[in-house]
Amino acid sequence: MQQTDVARAKAPLLAVRDVSVVFGGIVALNGVSFDMHRGQILGLIGPNGAGKTTLFNCLSRLYQPSKGDILMEGDSILARPAHRIAEIGIGRTFQNVALFPNLSVLDNARVGTHSRTRSNFITDSIRPPWVGRAEAATTKRVDDILGYLDLREVAHVPVAGLPFGTQKRVELARALAAEPKILLLDEPAGGLNHEEVYGLGDLIRKIRDDRGITVLLVEHHMGLVMSIADHVVALNFGRKLAEGTPAQVQSDPDVIKAYLGSKDA
């Protein structure tokens, strides 16, 4: 049993295996593979059109790969529909904030707890004791998350009237409420000013360290990625271009060429 636990700890939490995606003859991803290990912050980078969002949408089950597999703790996730991906521990935020604008911060965050509840129409009608206990636990969890993200003061404010940076934190609160093992962050620095980006980097590290959540970060802001990522995967034209530590990827000639262009061009 101990050997099994050790092997499990060393095995990747998430494994992307030879994933390809073809849309009507256009190859969006071409044989991409990499591993994510527990407690890691992995940055996924690349120029526009590199395939980052396509891969991200495969991980959250919005897209179905044309080839390859994606394994979570050794089991394929590809048979799962998108609405059942949160229950195995995959949470995400979106490049464009996807909140319910007329609902309060609290209610938006509570949406994230849906995948962790056992109640249904019947149990909600007859109200057995465990339903009340579960609701109380959910309320406490959401309140703790709002406090963690400095959102308690606006808990009952509709999100539509809040600054964009605050809305980003609300979306993060919703993702954390689902108690994910892996948090997929899609362009979290988009629309933020320099000070907010700096604070975001500290927050992502804090979430990883405090809550033991593995983070996959898709981001154009290279300063953010290189300052917080443990490991970086670079894509270009749907292929994996480079992989390694931030320093290794930053100095890779193919990555430099992809971002800056060839001197011969």
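In the block above lies the structure referred to throughout.
Residues numbered from 1 in each chain as written. Predicted model: local features only at pLDDT ≥ 70, side-chain atom pairs only at ≥ 80, totals over all residues. Heavy atoms only, no water.

1. Some remarks on the overall build of the protein chain
Scanning the protein chain for helices and strands turns up ten helices and ten strands. Counting contacts in the protein chain only where the partners sit at least 6 residues apart, residues at least 24 apart contribute 67% of the total. Counting only carbon and sulfur atoms, one obtains 54% of the accessible surface of the protein chain, whose full area is about 13600 Å². (Helix = DSSP H or I, 4+ residues; strand = E, 2+ residues; numbered from the N terminus. Contact = heavy atoms within 4.5 Å. Areas by Shrake-Rupley, 256 points an atom, 1.4 Å probe, with all protein chains shown as cover.)

2. Some details on the pairing of strand 7 (residues 182-186)
Across the five residues that make up strand 7, a large majority, five, are buried. Of the two faces of strand 7, both are covered, the one formed by Ile-182, Leu-184 and Asp-186 as well as the one formed by Leu-183 and Leu-185. Direction of pairing for strand 6 (residues 90-92) relative to strand 7: parallel, over a ladder of three bridges. In the sheet register, Ile-90 faces strand 7, and the bridge partner there is Ile-182. Relative to strand 8 (residues 214-218), strand 7 is paired through five bridges, and the arrangement is parallel. Looking at strand 8, one finds that Leu-185 is bridged to Leu-217. With helix 7 (residues 194-211) bridging strand 7 and its parallel neighbour strand 8, the resulting β-α-β unit is right-handed. (Buried < 20%, exposed > 50% of the residue type's maximum accessible area, 1.4 Å probe, protein only. Pairing = 2+ DSSP bridges. Right-handed = clockwise from strand over helix to strand, strands pointing away.)

3. A few points about the pattern of salt bridges
Scanning all chains against the criterion turns up 16 salt bridges. Linking Asp-144 and Lys-140 is a salt bridge whose minimum nitrogen-to-oxygen distance equals 2.9 Å. Here Asp-144 pairs with Lys-140, and both are found in helix 5 (residues 129-148), just four residues apart, close to one helical turn. (Salt bridge = Lys/Arg side-chain N within 4 Å of Asp/Glu carboxyl O.)

4. Comments concerning the packing of aromatic side chains
Considering all chains together, one arrives at one aromatic pair under this definition. Ring centres of Phe-23 and Tyr-63 lie 5.3 Å apart, and the angle between their planes is 75°; on these two criteria the pair is classed as edge-to-face. Of this pair, Phe-23 sits in strand 1 (residues 14-23) while Tyr-63 is found in the loop between helix 2 (52-59) and strand 4 (67-72), placing the two residues 40 residues apart along the sequence. Look at Phe-23 and you get partly exposed, because its relative accessible area is 38%. (Phe/Tyr/Trp six-rings, centres within 6.5 Å; stacked < 30°, edge-to-face > 60°.)

5. A short note on helix 7
For helix 7, which comprises 18 residues, the first-to-last C-alpha distance of 26 Å matches the rise-based estimate of 26 Å (1.5 Å per residue) to within 8%. Measuring from the side-chain oxygen of the N-cap residue of helix 7 to the backbone nitrogen of Glu-195 gives 3.1 Å; that N-cap residue is Asn-193. With its phi angle positive at about 65°, Gly-212 sits one or two positions after the end of helix 7. (Expected span 1.5 Å × (residues − 1). Polar contact = N/O pair within 3.5 Å; in protein donor to acceptor, adjacent residues only side chain to side chain.)

6. Digging into the sheet that holds strand 6
Within the open sheet, the six strands sit side by side as 6-7-8-3-9-10. Their pairing is mixed. With partners counted over all chains shown, the strands left at the sheet margins are strand 6 and strand 10 (239-244), one partner each. Within this sheet the neighbouring strands show an average axis-to-axis angle of 20°, counted without direction. Here four bridges tie strand 3 (residues 41-45) to strand 9 (residues 231-236), and the two strands are oriented parallel to one another. The residue of strand 9 that forms the bridge with Leu-44 is Val-233. (Axes fitted to C-alpha atoms, helices over the stretch in contact; angles between N-to-C directions.)

So, to be careful, I would describe these as geometric facts and stop short of saying anything about function.
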